Amino acid sequence: STVALRIGTCARKSNLPGKHMLTGAWGQSCWVSNGDICRGIEQAILAVDISFAVLNMTSANAPVRWSLEESKAVLGYAPQDSHATRVSLRRKVQALVARIFFHALPALSRRLVPPFW
């Protein structure tokens, strides 16, 4: 049997989530604690009657980025740790600028410029 785990974001050293994380809101909402990683891997190793599964593994964060329903159903995985996303004003501005330059402007140019140019 094979269980592939899609493990969320882990921070360096103490693995504490927060505004210092370079991945911002996305990384914080996918954060997984050291304890939850250990419990999830142990449950995947001890699982029986699974031929193949690809399962998400994060802590119980707010907001939820990845669904843990299938992980709960297949492995009985229930994260014990959690984190509420907090993003600094600087990261919010960076995310807004990135959305404008990498998503909004290209989409607008595709509408304005004929495809044969």
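Described in the following lines is the structure provided in the data block. Predicted model only: the values in this text are computed from it and were never measured.

### Section: the nonpolar core
Stage number 1. In terms of nonpolar packing, the biggest core is built from 10 residues, these being Val32, Ile37, Ala44, Ile50, Ala53, Leu55, Met57, Leu68, Leu75 and Tyr77.
Stage number 2. Secondary structure elements with two or more residues in this core: helix 2 (34-46) and strand 2 (52-57).
Stage number 3. For this core, the leading source of residues is strand 2, giving 3 residues.
Stage number 4. Every residue in contact with Ile37, bar those within four places of it in the chain, is listed here: Ile7, Cys10, Val32 and Met57.

### Remarks on the packing of aromatic side chains
What describes a pair of aromatic rings is the distance from one ring centre to the other and the angle between the planes of the rings.
Stage number 1. What the rule picks out here adds up to 0 aromatic pairs.
Stage number 2. Taking the ring centre of Trp66 as reference, the NZ or CZ of Arg6 above it sits at 3.7 Å.

### Some points on helix 4 (residues 89-112)
Stage number 1. Here helix 4 spans 32 Å end to end across 24 residues, near enough to the 34 Å set by a 1.5 Å rise per residue.
Stage number 2. Where helix 4 bends most, the angle comes to about 35 degrees, and this point is Ile100.

### Some details on the side chain of Asn15
Stage number 1. Take Asn15: it is sitting in the loop between strand 1 (2-7) and helix 1 (24-29).
Stage number 2. Among the residues examined, Asn15 registers a relative accessible area of 3% and is labelled buried.
Stage number 3. A distance of 3.0 Å separates a polar atom in the side chain of Asn15 from the backbone oxygen of Val32.
Stage number 4. The residues contacting Asn15, other than those within four sequence positions of it, are Thr9, Cys10, Trp31, Val32, Ser33 and Asn34.

### Observations regarding the pattern of salt bridges
Stage number 1. In the structure shown here, the tally under the stated rule is 2 salt bridges.
Stage number 2. The closest approach of N and O atoms between Asp81 and Arg39, which form a salt bridge, is 3.4 Å. Placement of Asp81 in the loop between helix 3 (69-75) and helix 4 and of Arg39 in helix 2 is noted, with a sequence separation of 42 residues between them.
Stage number 3. What emerges from the salt-bridge pattern is a single network uniting Asp36, Arg39 and Asp81.

### Some words on helix 2
Stage number 1. For helix 2, built from 13 residues, the straight-helix expectation of 18 Å at 1.5 Å per residue is met to within 8% by its first-to-last C-alpha distance of 18 Å.
Stage number 2. Three or more residues of helix 2 are buried, namely Asp36, Ile37, Gly40 and Ala44. Burial along helix 2 is one-sided: seen end-on, the buried residues are contained in an arc of 105 degrees. What points out from helix 2, more than 90 degrees from its buried face, is the exposed set Cys38, Ile45 and Leu46.
Stage number 3. Next to the buried residues of helix 2 lie strand 1, strand 2 and helix 3.

Reading the values: rules and limits
Residues numbered from 1 in each chain as written. Predicted model: local features only at pLDDT ≥ 70, side-chain atom pairs only at ≥ 80, totals over all residues. Heavy atoms only, no water. Core = buried A, V, L, I, M, F, W, Y, C linked by side-chain atoms within 4.5 Å. Buried < 20%, exposed > 50% of the residue type's maximum accessible area, 1.4 Å probe, protein only. Helix = DSSP H or I, 4+ residues; strand = E, 2+ residues; numbered from the N terminus. Contact = heavy atoms within 4.5 Å. Phe/Tyr/Trp six-rings, centres within 6.5 Å; stacked < 30°, edge-to-face > 60°. Lys NZ or Arg CZ within 6 Å of the ring centre and 35° of its normal. Expected span 1.5 Å × (residues − 1). Bend = angle between axes of the 7 residues up to and from the residue. Polar contact = N/O pair within 3.5 Å; in protein donor to acceptor, adjacent residues only side chain to side chain. Salt bridge = Lys/Arg side-chain N within 4 Å of Asp/Glu carboxyl O. Arc of directions from axis to C-beta.

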